[in-house]
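Spelled out from the first residue to the last, the chains are:
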Amino acid sequence: KARANAEKLGYNNVEFRYGDIENMPLSSEIADVVVSNCVLNLVPDKRKVFAEIFRVLKEGGHFSLSDVVLDGYLPEKLQDAAELYVGCISGAIQLSEYLKIIEDLGFNNITIQKKKQIALPDDILLKHISKKELDDFRASGVQVLSITVYAQKPGENTDKKSFKNKEEACCEPGCCGN
């Protein structure tokens, strides 16, 4: 479908390959940009995914990823719920851990471009936890967040500064909504 759409739109500067994100079927330092729409939280070894992204990016290349992360901890029964896993919730890790992985692997200009809380409906949660556990969960202030994060592989014309919010970043025209 992606190939058909690219052809229909006249895009001849893109290539699509089928593979696993933890072991991309690409040579090292081949990609200018890596994009992903909300699937990394389903991969158990997130460090391996980001290491693979780092490997395939050219110097100065960047990624832009939408994903789901946590601020706080889900109750164990919710972590183990298959329904919440396939709904991209129970596979999510802490936002701080997510950003630390990215930074530890050597990316720079790390920017959270969007962040939005995801509302988890009571009727779904009550399939997995009791009413008291739900009340405790709600009172805990745990947040499930949808984020879009940008980061760059160091290279020519990049610096080593890390950014946590787009307001801190100095973007080029057209970047970050500028």
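Our structure's up above, just so we're on the same page.
Residues numbered from 1 in each chain as written. Predicted model: local features only at pLDDT ≥ 70, side-chain atom pairs only at ≥ 80, totals over all residues. Heavy atoms only, no water.

So what exactly am I meant to see when it comes to the side chain of D67 here?
By secondary structure assignment, the location of D67 is in strand β2 (residues 57-71). In this structure, D67 is buried with no salt-bridge partner, the nearest side chain bearing the opposite charge being K46 at 7.0 Å. In terms of polar contacts, D67 uses its side chain to reach the side chain of N41, at 2.7 Å. When residues no more than four places from it in sequence are discounted, the contact partners of D67 are C38, V39, L40, N41, Y98, L145, S146 and I147. (Helix = DSSP H or I, 4+ residues; strand = E, 2+ residues; numbered from the N terminus. Buried < 20%, exposed > 50% of the residue type's maximum accessible area, 1.4 Å probe, protein only. Lys, Arg positive; Asp, Glu negative; His and termini not counted. Salt bridge = Lys/Arg side-chain N within 4 Å of Asp/Glu carboxyl O. Polar contact = N/O pair within 3.5 Å; in protein donor to acceptor, adjacent residues only side chain to side chain. Contact = heavy atoms within 4.5 Å.)

Would you take a moment to explain the pairing of strand β1 (residues 31-37) for this structure?
In summary, the side chains of a regular strand alternate between the two faces of the sheet. Relative to β2, β1 runs parallel, the two sharing six bridges. From the neighbouring strand, N37 faces β2, where its bridge partner is S66. The handedness of the β1 to β2 crossover, carried by helix α2 (residues 46-56), is right-handed. (Pairing = 2+ DSSP bridges. Right-handed = clockwise from strand over helix to strand, strands pointing away.)

Mind showing me how you'd approach the pattern of salt bridges here?
One pass over the full model with this rule turns up 11 salt bridges. Between K153 and E29 there is a salt bridge whose closest N-O contact spans 3.6 Å. With a gap of 124 residues between them, K153 in the segment after β4 (143-152) and E29 in the loop between α1 (2-9) and β1 connect regions that are remote in the sequence. Classification of E29 as partly exposed rests on a relative accessible area of 45%. Among the salt bridges present, the one from E83 reaches K127, with a minimum N-O distance of 3.4 Å. Of this pair, E83 sits in helix α4 (residues 82-86) while K127 sits in the loop between α6 (122-125) and α7 (131-140), and the two are 44 residues apart along the sequence. Classification of E83 by relative accessible area gives partly exposed; the value is 31%.

Got a minute to help me understand the nonpolar core in this structure?
Within the largest apolar cluster, 26 residues are counted, with the highest numbers of intra-cluster contacts made by F50, I53, F63, L65, Y98, I102 and V149. Secondary-structure elements contributing two or more residues to this core are β1, α2, β2, α5 (95-104), β3 (108-118) and β4. It is α5 that contributes the most residues to this core, five residues altogether. Dropping the residues within four chain positions of it, I102 is found in contact with F50, F63, F107, I110, V149 and A151. (Core = buried A, V, L, I, M, F, W, Y, C linked by side-chain atoms within 4.5 Å.)

I'm lost on a nonpolar patch on the surface in this one. Help?
On the surface, a nonpolar cluster with roughly 390 Å² of combined accessible area is contributed by L9, Y11, V14 and F16. With respect to the helices and strands, the residue F16 is situated in the loop between α1 and β1. The exposure class assigned to F16 is partly exposed, which follows from its relative accessible area of 34%. (Patch = residues over 30% accessible without salt bridge, like charges linked within 9 Å, V, L, I, M, F, W, Y side chains within 5 Å. Areas by Shrake-Rupley, 256 points an atom, 1.4 Å probe, with all protein chains shown as cover.)

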